[in-house]
Structure formats: C-alpha cells, structure tokens
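Understanding the architecture of this molecule
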Amino acid sequence: QMQLVESGGGLVQAGGSLRLSCVTSGRAISWYSNGWFRQAPGKEREFVAAINWSGGSTNYGETVKGRFTISRGSSWNKVYLQMNSLKPEDTAVYYCAASRSWKSSSNSAREYDYWGQGTQVTVSS
C-alpha cells in the first residue's frame, strides 16, 4: 500500500499564494508519477497538474497554466504545488495522487492508483 498526505491548504485572499505539499510513503510501487486534482462542491473532479518521477515532464490544466507550478523535492517522495495569483474559483479540496506510470504526467484521474485525503483551499474575494 501507499499513503499520500497533503498539507498546506487554508484560507487566502484573491491574488495571494499558497504552497501545497504531498508526502508519499509505502512500498507498493518504487517509482511513480504524481498528480494534483481538485474538486469544488457540486462540481466534477478537475485535473490541476502532474509530474513524472524524474521531474522532467510536467502537465497543467488549462485553468491554472501560468499560475501554478508543480515540482518534486530533493526527497523524491515529496511533491509541491505552488499556487500564485489565486482566484475565488480556485476554491476546492485539492487531492494528491500517485500513478504506477512513472514516466508520464497524466491528466486522467483513471491513471492514478493511490489518493490522499485532500486539503481544503479557500480563496476569498
């Protein structure tokens, strides 16, 4: 099994920034890619960003391009999502996920095998 724990969510004013962290533990898979997804109340889950194992490939959802940056820490089991210029429409629960497809940075939730519990991000206007 693998466990993913997200942190860093909170309340921020529009235009502000937050950095989310995701720590992956467990030995189910040795190499993996990570993705961030979000879900707002009453809406479907939305792809935010993904990064492959080496960090050489990243992928972003259209609504966050140019504002959010995904990165992998020096400890390979940590992934970050730097969120700048936040908007009220970014308000959602943000989920970190891990995929066995370690070479890719997929935008499809079906590609991900393990999920965290989520962290709430609220952006006030």
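Quick notes on the rules
- Residues numbered from 1 in each chain as written.
- Predicted model: local features only at pLDDT ≥ 70, side-chain atom pairs only at ≥ 80, totals over all residues.
- Heavy atoms only, no water.
- Disulfide = S-S within 2.5 Å.
- Helix = DSSP H or I, 4+ residues; strand = E, 2+ residues; numbered from the N terminus.
- Buried < 20%, exposed > 50% of the residue type's maximum accessible area, 1.4 Å probe, protein only.
- Pairing = 2+ DSSP bridges.

A complete count under the given rule lists 1 disulfide for this structure. What pairs with Cys-22 in a disulfide is Cys-96, and their sulfur atoms sit 2.1 Å apart. The chirality of the disulfide connecting Cys-22 with Cys-96 is left-handed, given an S-S dihedral of about -80 degrees. In this pair, Cys-22 sits in strand E3 (residues 18–26) while Cys-96 sits in strand E9 (residues 92–99), placing the two residues 74 residues apart along the sequence. Across the pair, Cys-96 and Cys-22 agree in class, each one buried.

Bringing the pairing of strand E4 (residues 33–39) into the picture now. In terms of burial, E4 is a largely internal element, 6 of the 7 residues being buried. Across 7 bridges, the pairing between E4 and E9 is antiparallel. Counted as the bridge partner of Arg-38 is Tyr-94 from E9. Strand direction decides the pairing type here: E4 and strand E5 (residues 46–51), joined by 5 bridges, are antiparallel. Across the sheet, the residue bridging to Asn-34 is Ile-51, located in E5.

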